[in-house]
Amino acid sequence: MVSTLEDLPDEILLIICQFLSQYDIIHGFYNLNHRLNCTVAQFTTSFFMQRRYINDKDRNQEILSTIGRFLRSLIVKDVLLSSQDLLLTPNIHELTFIRTCVCPLPPLANLTDLNIFNPFPTSATNTLFTSNPNLHSVFICSTSTLINLPPTTEQTSAIKQLAVTLQSLSDLPSLLLFCPHLICLNLNLQRGISLQNSFPPINLASNLAIFSLRTPYEVMVDFARIKHVLKYLPSTLEILGVEIYTTDSTCLDGQSWENNLKENFPNLHRMEFFIYLKNELKPIGETLKLPDVLKTFKTPYLSTIIPQQIAGDYNSVSYVSSLSIFTQPAPTVRRRRYFLH
């Protein structure tokens with residue numbers, strides 16, 4: 001008795017698929033008959049597209065032509081696609097670009113999430129004003145300046161969740177002006193925070209409920225500059241995340257945080273942070289003790305908005321000493337997903 005591939009049960013076929021690339025599965029099994037289409041259907045809703053061989057461009061276009069209408073999630077790495085290529089994925093919900101981008105994005109009615117890693121400098125601006133009506137979450141990660149904000153116009157963005165890198169705090173008012181519907185903003189500032197920046201109108205970012213701030217290791221900020229940033233935020237803020245590096249010991253004083261937060265954000269109910277204090281002149285341990293620092297965050301108010309455990313670490317190497325405190329789990333600003341819940 002002669003057996004063919006189609007005689008094998010689905011369980012055996014799926015075991016075979018474990019040893020094949022997703023491209024080979026689709027190229028080898030899809031569109032042969034209805035039964036095999038159903039068997040490999042799980043491989044047609046998401047796809048990781050990357051460039052490995054010279055002929056990958058033709059292979060990738062073949063994939064989009066074959067399963068594009070079924071795709072819900074697509075990751076594109078080091079592959080240049082055109083707007084026309086993406087039109088083959090009309091039901092896509094989430095797009096992720098790694099070291100590449102499609103500009104401009106074509107109209108994709110079902111697109112809700114866009115993730116860009118290491119994009120070209122001009123790519124991010126266009127995503128803010130995309131014509132995709134349902135796009136509400138944009139995550140942009142890069143070590144370079146990402147946004148060249150356009151001059152003031154009547155044009156606004158419908159994006160509600162945004163994680164982005166700005167060159168300086170002076171770009172924030174324009175960003176909030178162009179994105180008036182933001183509910184969640186994860187902000188990474190490349191440069192120091194100037195106290196000369198003027199505050200935005202009081203009604204700017206009135207919908208913002210979740211905000212997280214991150215500064216790079218080489219940029220030291222003090223508590224006065226942190227308070228300056230917080231003045232840009234509405235009093236209705238509910239969740240706050242902070243990751244900063246500083247030489248100002250006030251940033252490790254729980255009472256200073258409590259006084260500022262209680263005064264400005266009566267609706268705040270959760271805070272997460274990573275605060276790193278560095279001193280190159282004398283050991284921090286001579287003036288600040290980790291248990292004493294942690295004790296300042298054990299007030300009834302802070303225990304309410306920081307229900308998770310707070311931990312810390314003290315290091316002293318050569319002429320540099322550091323003291324860090326952080327909430328557990330790791331701060332939200334390190335996560336790809338910037339919603340806390």
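Keep in mind that what you see is a predicted model, and the values were worked out from it rather than measured. (Residues numbered from 1 in each chain as written. Predicted model: local features only at pLDDT ≥ 70, side-chain atom pairs only at ≥ 80, totals over all residues. Heavy atoms only, no water.)

(A) Geometry of the overall build of the protein. A count of helices and strands for the protein gives eleven helices and twelve strands. The buried share of the protein, reckoned over its 341 residues, is 48%. When contacts within the protein are restricted to residue pairs at least 6 apart in sequence, those whose partners lie at least 24 apart make up 61%. A total of about 16800 Å² of accessible surface is found on the protein, and carbon and sulfur atoms cover 54% of it. (Helix = DSSP H or I, 4+ residues; strand = E, 2+ residues; numbered from the N terminus. Buried < 20%, exposed > 50% of the residue type's maximum accessible area, 1.4 Å probe, protein only. Contact = heavy atoms within 4.5 Å. Areas by Shrake-Rupley, 256 points an atom, 1.4 Å probe, with all protein chains shown as cover.)

(B) Fine view of the pairing of strand β1 (residues 46-50). With burial as the criterion, only one face of β1 is covered, namely that bearing F47 and M49; the residues S46, F48 and Q50 on the opposite face remain uncovered. In this structure, β1 lies alongside strand β2 (residues 73-77), joined through five bridges in parallel fashion. Note that in β2 the partner of Q50 across the bridge is K77. (Pairing = 2+ DSSP bridges.)

(C) Geometry of a nonpolar patch on the surface. On the surface, L5, I12, I15, I16, F19 and L20 cluster together into a nonpolar patch covering about 530 Å² of accessible area. Mapped onto the elements of the fold, F19 is located in the loop between α1 (10-17) and α2 (22-29). Residue F19 is classed as exposed on the basis of its relative accessible area of 68%. (Patch = residues over 30% accessible without salt bridge, like charges linked within 9 Å, V, L, I, M, F, W, Y side chains within 5 Å. Salt bridge = Lys/Arg side-chain N within 4 Å of Asp/Glu carboxyl O.)

(D) Broad picture of the packing of aromatic side chains. Enumeration according to the criterion identifies nine aromatic pairs in this entry. Pairing Y217 with Y276 gives two aromatic rings, centres 5.8 Å apart and planes at 65°, and the pair type is edge-to-face. Taken as a pair, Y217 in the loop between β8 (210-214) and α8 (223-230) and Y276 in strand β10 (residues 270-279) lie far apart in primary sequence, 59 residues in all. Overall, the relative accessible area of 40% leaves Y217 in the partly exposed class. Note on Y276: relative accessible area 17%, which makes it buried. The interplanar angle of 35° and the centroid separation of 5.4 Å between the aromatic rings of F273 and F297 together place this pair among those described as tilted. You can see F273 sitting in strand β10 and its partner F297 sitting in the loop between α10 (290-295) and α11 (300-305), a full 24 residues away along the chain. Clustering of aromatic rings is evident, with ring pairs tying together Y217, Y245, F274, Y276 and F326. Directly above the aromatic system of Y23 lies the positively charged group of R59, at a separation of 3.8 Å from the ring centroid. (Phe/Tyr/Trp six-rings, centres within 6.5 Å; stacked < 30°, edge-to-face > 60°. Lys NZ or Arg CZ within 6 Å of the ring centre and 35° of its normal.)

(E) Region of the structure containing the packing of α8 against helix α9 (residues 254-264). The interhelical angle for the contact between α8 and α9, taken along N-to-C directions, is 20°, at an axis separation of 12 Å. Relative to α9, the element α8 is oriented roughly parallel. When the axes of α8 and α9 are compared, the crossing they make is right-handed. Counted together, F223, I226, K227 and L230 of α8 and S256, W257, N260 and L261 of α9 form the full contact between these two elements. Of the residues in the contact of α8 with α9, the class split is five nonpolar, two polar and one charged. (Axes fitted to C-alpha atoms, helices over the stretch in contact; angles between N-to-C directions. Parallel < 35°, antiparallel > 145°, perpendicular 65-115°, else oblique. Left-handed = near helix turned anticlockwise from the far one by under 90°. Nonpolar A, V, L, I, M, F, W, Y, C, P; charged D, E, K, R; others polar.)

(F) Layout of unusual backbone geometry. At N31, a position not held by glycine, the phi torsion is positive, near 70°. Its location among the elements puts N31 in the loop between α2 and α3 (34-39). Residue classification places N31 among the exposed residues on the basis of a relative accessible area of 52%. Non-glycine residue R99 carries a positive phi angle of around 55°. You can call R99 partly exposed: its relative accessible area is 45%.

(G) Highlighting the confidence of the model for the protein. For the protein, per-residue confidence averages 81 on the pLDDT scale, and 81% of positions sit at 70 or higher. Taken element by element, the predicted model of the protein shows its lowest mean pLDDT in helix α6 (residues 123-128) (59) and its highest in α9 (94). Confidence over residues 330-341 falls short of pLDDT 50; this stretch has 48 contacts with residues more than four positions distant or in other chains. (pLDDT = per-residue confidence, 0-100.)

(H) The sheet that holds β1, seen in detail. The strand order across the open sheet built from twelve strands is β1-β2-β3-β4-β5-β6-β7-β8-β9-β10-β12-β11, with neighbouring strands paired in mixed fashion. The open sheet has two free edges, formed respectively by β1 and β11 (310-317), since each of these has just one partner strand. On average, adjacent strands in this sheet sit at an angle of 10° to one another, irrespective of strand direction. In this sheet, strand β5 (residues 137-141) lies alongside strand β4 (residues 113-117) in parallel orientation, the contact comprising five bridges. Residue L114 lies in a different strand from β5, and its bridge partner there is V138.

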